[in-house]
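Coordinates in review
Each chain, written out:
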2 protein chains.
Amino acid sequence: MAAEIDELWGEDLAPVARALLSSAVRCFAARGFTGTTTRDISGGAGLSPAALYVHFPAKEQVLFEIARRGHRSALAAIDLPGCADPDDPAGRLRELVARFVAWHARHHVAARVCQYELAGLTSEHVTEIAAIRREFPERFRAVIADGVEQGVFTPVDVGRVVRAVLSLGIDLVRWYRPDGPDSPEQLGRFYADLAVSMVSGVPGPAAG
Amino acid sequence: MAAEIDELWGEDLAPVARALLSSAVRCFAARGFTGTTTRDISGGAGLSPAALYVHFPAKEQVLFEIARRGHRSALAAIDLPGCADPDDPAGRLRELVARFVAWHARHHVAARVCQYELAGLTSEHVTEIAAIRREFPERFRAVIADGVEQGVFTPVDVGRVVRAVLSLGIDLVRWYRPDGPDSPEQLGRFYADLAVSMVSGVPGPAAG
């Protein structure tokens, strides 16, 4: 688990700062932002209570760094070059969902903080994280709208389907366990197929 | 919002106890279980700090009552008599998803507490709530397995599809807002159609 968390932070941060962020992820995921003290975070990294303030002015700044770097990592994961054939919207959707889901499964602990603890941020920081978050539906919207336009997908309500597909990827951070039956990649492929089914079905009688 | 929360508690509780539970839902949803004091809960119900202890021995007992009554309410909502024609698995699945989703949208504030704050429970209470929670996948599993057996649905991996359908209904408590474009019932019908699509698709090339 430690390795997955540690890889989120990037080389621009001092090793001690990275250790503090990793400890904070574990604390926030277990006890919530409000239930965690700066002492918990320092102690979890094997440091003295004052050590945190050398690197972060406040606990909120720790949460912000986790949210910023977490969201950027997820965005980078779905923006990897790969299946980008504009004439294959189903392949692109499958790839996008597979990557989004696999990232969230692999990083389910940090992702839980990124999804459920944002109320701890200042309003300026909420605005900054919201700007990154808006990129995710945009990526899915582009692919699904293309598929509908090309007649490859059913004429679905794109915005609502995007929200549903994002929910599949996000809710798994609540229940995913690495010792369960699915690896992140297996779950990603399974959900990729479900997403393609969602845009390939006959519109139901109760749609509206 | 108050009306939706208040209707969860039942007539067996004194009005003051119900008011305390409703206040606690709002506090826990906004600040988390750990970030809420018993004084916050009493104050939110317009009562003195000591009033809570007349009705509940501890803050944890308040969370437990919310979780127990919340989960039972959701289960009662999906178990209403209605579309139960054993020869129409698609209709039964549609009805089940529509009810599950509509309940979670209507009660998204209380449901957020029921989904994201269970870590605040004692292990005895976790066990008791987990027993109610297991009923939900059972309901979906029965319908989807029937549909697969009757050949009405694609031979999907029932357990994984159940988890995905539950995720659609649960994740919406994170983002649903009553002033958004969808009423609980509209969202329920839309997700009902998505669920039927999920079990009607051609199994994808990457399934496994």
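Residues numbered from 1 in each chain as written. Chains lettered and ligands numbered in written order. Predicted model: local features only at pLDDT ≥ 70, side-chain atom pairs only at ≥ 80, totals over all residues. Heavy atoms only, no water.

Our next topic: the pattern of salt bridges. Following the criterion strictly, the structure yields 32 salt bridges over all chains and no others. Linking D182(A) and R163(B) is a salt bridge whose minimum nitrogen-to-oxygen distance equals 2.9 Å. Of the two residues, D182(A) is situated in the loop between α10 (158-175) and α11 (184-198) and R163(B) in helix α10 (residues 158-175); the pairing between them involves two chains. Residue class for D182(A) comes out buried when judged on its relative accessible area of 7%. D193(B) is paired through a salt bridge with R94(B); the nearest N and O atoms lie 2.9 Å apart. With a gap of 99 residues between them, D193(B) in helix α11 (residues 184-198) and R94(B) in helix α6 (residues 89-106) connect regions that are remote in the sequence. You can call D193(B) buried: its relative accessible area is 8%. (Salt bridge = Lys/Arg side-chain N within 4 Å of Asp/Glu carboxyl O. Helix = DSSP H or I, 4+ residues; strand = E, 2+ residues; numbered from the N terminus. Buried < 20%, exposed > 50% of the residue type's maximum accessible area, 1.4 Å probe, protein only.)

Now for the state of the cysteines. Enumeration according to the criterion identifies zero disulfides over all chains in this entry. In this structure C114(A) is a free cysteine whose sulfur lies 15 Å from that of C27(A), the closest cysteine sulfur available. (Disulfide = S-S within 2.5 Å.)

Counting buried positions over the nine residues of helix α7 (residues 108-116) of chain B gives nine, a clear majority of the element. Along α7(B), the residues classified as buried are H108(B), V109(B), A110(B), A111(B), R112(B), V113(B), C114(B), Q115(B) and Y116(B).

Another aspect to go through is the environment of L166(B). All names here are of chain B. If you trace the backbone, L166 turns up in helix α10. The exposure class of L166 is buried, given its relative accessible area of 12%. Put simply, L166 and A76 are 90 residues apart on the chain and 16 Å apart in space, counted from C-alpha to C-alpha. Apart from the residues within four sequence positions on either side, L166 is in contact with F100, F136, P137 and F140. (Contact = heavy atoms within 4.5 Å.)

This paragraph deals with the relation of the copies chain A and chain B. Of the two same-sequence chains, chain A is brought onto chain B (RMSD 0.0 Å, axial shift 0.0 Å) by a rotation of 180°. One copy is carried onto the other by what is essentially a two-fold rotation axis. When the interface residues of chain A are mapped onto chain B, 100% of them again lie at the interface, so the same face is used by both copies. (Least-squares fit on C-alpha atoms with pLDDT ≥ 70 in both.)

Before going further, it helps to examine the interface of chain A and chain B. Facing the 36 residues of chain A at the interface are 37 residues of chain B. Looking only at chain A, the three residues that lose the most surface to chain B are R160(A), R163(A) and F190(A), adding up to 19% of its buried area. Where chain A meets chain B, there are 10 residue pairs in polar contact (both at pLDDT 80 or more). No other element matches the 11 residues that α10(A) contributes to the side of chain A that touches chain B. (Buried area = accessible area lost by both parts, 1.4 Å probe. Polar contact = N/O pair within 3.5 Å; in protein donor to acceptor, adjacent residues only side chain to side chain.)

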